[in-house]
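The chain contents come next:
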Amino acid sequence: MNAHRPLIAVYPGSFDPITKGHEDIARRCLRIADQVLVAVAHTATQKKTSLFDVEERVAMNAAVFEDEPRISCVAFSGLLVDFCKETGAHLVIRGLRAVSDFEYEFQMAQMNQELWGDLETVFLTPDVNYSFLSASLVREVARLGGDVSAFVSPLVRDRLDEVFRSDG
Ligand code: ADP
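### Description of the environment of Phe-52
Logical step 1: Take Phe-52: it is sitting in the loop between strand S2 (35-41) and helix H2 (54-64).
Logical step 2: A sequence separation of ten residues divides Phe-52 from His-42, and the C-alpha atoms of the two residues are 12 Å apart.
Logical step 3: Non-local contacts of Phe-52, meaning those with residues more than four positions away in its chain, are made with Asp-16, Pro-17, Arg-57, Met-60, Arg-159, Leu-160 and Val-163.

Take a look at the structure:
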């Protein structure tokens, strides 16, 4: 740990909802950063319609990381680089699952580097058990009545059950 300036990392995403893959990446990030801000983006960077609103996603993230004082859960709007400047973060964490993530992540990282040269993007790979997992797949399985207990925390699973049961 840097005694003079804590290293703050932002882990941005849509977290709709948070999965065990997201959780794994955020906890791994604590090995390289002093503090991690798990930040739900108000404006999706990719075309996505959301299942949970931003406030609920932040609340679920906060519940998942309740045990970890070095992880804070927030939302942000606008450019990621502006949010990083505001919070004093010089590190962006992204998860890399497979080759399919690579091109988009590479473009984003280079664009952010152009926008603010003091920002570094670090890619972490999840535990092999989560390398196929995505929030969209979890939503799809839950929507069709499948058991998602292995992929999300119990509180997220319960919310998914409620949402899709009330959907009829
Ligand atoms: P998703 O792609 O599941 O909708 P987000 O848009 O919330 O997730 O992604 C936020 C970040 O977390 C991205 O860098 C994404 O690649 C990463 N991520 C999502 N799921 C996983 C996982 N299972 N393992 C590793 N990284 C992941």
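### Section: the sheet that holds S2
Logical step 1: With parallel pairing, the five strands of this open sheet are ordered in space as S3-S2-S1-S4-S5. Every interior strand has two partners, whereas the edge strands, strand S3 (71-76) and strand S5 (120-124), have only one. Each adjacent strand pair in this sheet contributes to an overall mean axis angle of 30°, direction not counted.
Logical step 2: For S2 and S3, the ladder comprises six bridges, and the chain directions are parallel. Each bridged residue has a counterpart across the sheet, and for Val-40 the counterpart in S3 is Ala-75.
Logical step 3: Along the sheet, helix H3 (residues 80-87) makes contact with strand S1 (8-13), S2, S3 and strand S4 (91-95), crossing S1 at roughly 150°.

### A closer look at a nonpolar patch on the surface
Logical step 1: Where nonpolar side chains cluster on the molecular surface, the patch consists of Leu-79, Met-111 and Leu-115 and spans about 270 Å² of accessible area.
Logical step 2: Note on placement: Leu-115 falls in helix H4 (residues 99-115).

### Remarks on the packing of aromatic side chains
Logical step 1: Summed over all chains, the structure comprises four aromatic pairs.
Logical step 2: Seen from their ring centres, Phe-76 and Phe-83 are 5.0 Å apart, and the 25° between their planes marks the pair as stacked. With respect to class, Phe-76 is no different from Phe-83; both count as buried.
Logical step 3: Look at Phe-132 and Phe-151: their rings are 5.9 Å apart centre to centre, the planes differ by 85°, and that puts the pair in the edge-to-face class. Linking Phe-132 in the loop between S5 and helix H5 (135-143) with Phe-151 in the loop between H5 and helix H6 (154-166), this pair joins segments that are 19 residues apart in sequence.

Cut-offs and rules
Residues numbered from 1 in each chain as written. Predicted model: local features only at pLDDT ≥ 70, side-chain atom pairs only at ≥ 80, totals over all residues. Heavy atoms only, no water. Helix = DSSP H or I, 4+ residues; strand = E, 2+ residues; numbered from the N terminus. Contact = heavy atoms within 4.5 Å. Pairing = 2+ DSSP bridges. Axes fitted to C-alpha atoms, helices over the stretch in contact; angles between N-to-C directions. Patch = residues over 30% accessible without salt bridge, like charges linked within 9 Å, V, L, I, M, F, W, Y side chains within 5 Å. Areas by Shrake-Rupley, 256 points an atom, 1.4 Å probe, with all protein chains shown as cover. Salt bridge = Lys/Arg side-chain N within 4 Å of Asp/Glu carboxyl O. Phe/Tyr/Trp six-rings, centres within 6.5 Å; stacked < 30°, edge-to-face > 60°. Buried < 20%, exposed > 50% of the residue type's maximum accessible area, 1.4 Å probe, protein only.

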